[in-house]
Amino acid sequence: YQETMTPELGIIEGFFGRPYSWDERADLVRALAPAGYGFYLYAPKADAHLRRRWREPYPDAELQALTAFAEVCRQAGVRFGVGLSPYELFLGFDAEAKAALGAKLAQLDSLGLADLGVFFDDMKGDLPDLAERQVEIVHWIAERTSAGRVIACPSYYTDDPVLDRVFGQRPANYLEDLGAGLDPAIQIMW
């Protein structure tokens, strides 16, 4: 007897280009939830408040739209989450950065997050202790968020040398060190 496991199905809005509209997102959730899609991770690359401008709070109108969409997800029985890409935070994770990150987490937690992604992809990463720095950040976040699940995306998530050309030479044993350092409760994606 061999048990087959169906992979968890969900939507990750984490692409470059024109993001979905709020109506398109709601329609997508309502259409796919009955087919077993159980989570929505809001992480469009075009949302600067999750990327290069992550230190800035969401303006009220955008926060209200996110809050309303989180409710659409909950009503459909879909876990709502956000993917935060704290741009280059690992270059200086000092008291000022921690205060800004804490404020961002509080704002995101106000949405009733089920999931929180911490994404280090698409940014320079050629530091010898990159994995160690990222482990520290992810653990710091995991200790402070109310999200039930924390998911990390590494800087170098594939062996494809294009990442080294674009973001700098990956540190030796980066993925191994990241995996060994992260709490097993932290999920990994790429």
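Summary of the structure given here. Because the structure is a prediction, the values reported are computed rather than measured.

1. Description of the overall build of the protein chain
1) Next: Along its length, the protein chain carries 6 helices and 6 strands.
2) Next: For 190 residues, the compact-globule estimate of 2.2 N^0.38 gives 16 Å, and the protein chain sits close to it at 17 Å.
3) Next: Across its three principal directions, the C-alpha atoms of the protein chain cover 55 × 45 × 30 Å.
4) Next: Buried positions account for 47% of the 190 residues belonging to the protein chain.
5) Next: A separation threshold of at least 6 residues defines the contact pool for the protein chain, and within that pool the share at least 24 residues apart is 78%.
6) Next: When the accessible surface of the protein chain is totalled, it reaches about 9,800 Å², and 53% of it is carbon and sulfur.
7) Next: If the 18 positive side-chain charges of the protein chain are averaged to one point and the 29 negative ones to another, these points end up 4 Å apart.

2. What about helix 2 (residues 60-75)?
1) Next: Taking 1.5 Å per residue, 16 residues should reach 22 Å; helix 2 reaches 22 Å between its end C-alpha atoms and fits that length.
2) Next: Taken together, the buried positions of helix 2 are occupied by Leu63, Ala65, Leu66, Phe69, Ala70, Val72 and Cys73.
3) Next: A positive phi of about 75° marks Gly77, the residue just after helix 2.

3. Regarding a negative patch on the surface
1) Next: A cluster of acidic side chains, namely Glu132, Glu136, Asp159, Asp160, Glu176 and Asp177, defines a negative patch on the protein surface.
2) Next: For the negative patch, the elements supplying multiple residues, two or more each, are helix 4 (130-144) and helix 6 (174-181).

4. Topic: the pairing of strand 4 (residues 115-119)
1) Next: The element strand 4 is extensively covered by neighbouring structure, given that 5 of its 5 residues are classed as buried.
2) Next: Pairing between strand 3 (residues 79-84) and strand 4: 4 bridges, direction parallel. Of the residues in strand 4, the one forming a bridge with Gly83 is Gly117.
3) Next: Considered for its hand, the β-α-β crossover made up of strand 3, helix 3 (residues 95-109) and strand 4 is right-handed.
4) Next: Here strand 4 pairs with strand 5 (residues 149-153) via 5 bridges, running parallel. When the bridges of strand 5 are listed, Gly117 appears paired with Ile151.
5) Next: Following the chain from strand 4 across helix 4 to the adjacent parallel strand 5, one finds a crossover that is right-handed.

5. Observations concerning the pattern of salt bridges
1) Next: On inspection of all chains with the given rule, the structure shows 13 salt bridges.
2) Next: Taken together, the salt bridges that share partners define one network made up of Glu8, Arg79, Asp115 and Arg149.

6. Some thoughts on the sheet that holds strand 4
1) Next: Strand order in the open sheet formed by 6 strands is 1-2-3-4-5-6, and the pairing between neighbours is parallel. Unpaired on one side and paired on the other, strand 1 (9-13) and strand 6 (187-188) mark the two borders of the sheet.
2) Next: Lying over the sheet, helix 1 (residues 22-32) contacts strand 1 and strand 2 (37-42), oriented at roughly 160° with respect to strand 2.
3) Next: Lying over the sheet, helix 2 contacts strand 2 and strand 3, oriented at roughly 140° with respect to strand 3.

7. Things to note about the side chain of Arg149
1) Next: Relative to the helices and strands, Arg149 is located in strand 5.
2) Next: A distance of 2.8 Å separates the side chain of Arg149 from the side chain of Asp115, its partner in a polar contact.
3) Next: The residues contacting Arg149, other than those within four sequence positions of it, are Glu8, Phe39, Arg79, Ala114, Asp115, Leu116 and Gln187.

8. With respect to the packing of aromatic side chains
1) Next: In this structure the tally under the stated criterion is 8 aromatic pairs.
2) Next: Ring centres 5.2 Å apart and planes at 70° place the aromatic pair Phe15 and Tyr20 in the edge-to-face group.
3) Next: By relative accessible area, Phe15 is classed as partly exposed at 26%.
4) Next: With a relative accessible area of 29%, Tyr20 lands in the partly exposed category.
5) Next: Look at Tyr40 and Phe69: their rings are 4.8 Å apart centre to centre, the planes differ by 75°, and that puts the pair in the edge-to-face class.

What counts and how
- Residues numbered from 1 in each chain as written.
- Predicted model: local features only at pLDDT ≥ 70, side-chain atom pairs only at ≥ 80, totals over all residues.
- Heavy atoms only, no water.
- Helix = DSSP H or I, 4+ residues; strand = E, 2+ residues; numbered from the N terminus.
- Rg over C-alpha atoms; globule rule 2.2 N^0.38 Å.
- Buried < 20%, exposed > 50% of the residue type's maximum accessible area, 1.4 Å probe, protein only.
- Contact = heavy atoms within 4.5 Å.
- Areas by Shrake-Rupley, 256 points an atom, 1.4 Å probe, with all protein chains shown as cover.
- Lys, Arg positive; Asp, Glu negative; His and termini not counted.
- Charge placed at Lys NZ, Arg CZ, Asp CG, Glu CD.
- Expected span 1.5 Å × (residues − 1).
- Patch = residues over 30% accessible without salt bridge, like charges linked within 9 Å, V, L, I, M, F, W, Y side chains within 5 Å.
- Salt bridge = Lys/Arg side-chain N within 4 Å of Asp/Glu carboxyl O.
- Pairing = 2+ DSSP bridges.
- Right-handed = clockwise from strand over helix to strand, strands pointing away.
- Axes fitted to C-alpha atoms, helices over the stretch in contact; angles between N-to-C directions.
- Polar contact = N/O pair within 3.5 Å; in protein donor to acceptor, adjacent residues only side chain to side chain.
- Phe/Tyr/Trp six-rings, centres within 6.5 Å; stacked < 30°, edge-to-face > 60°.

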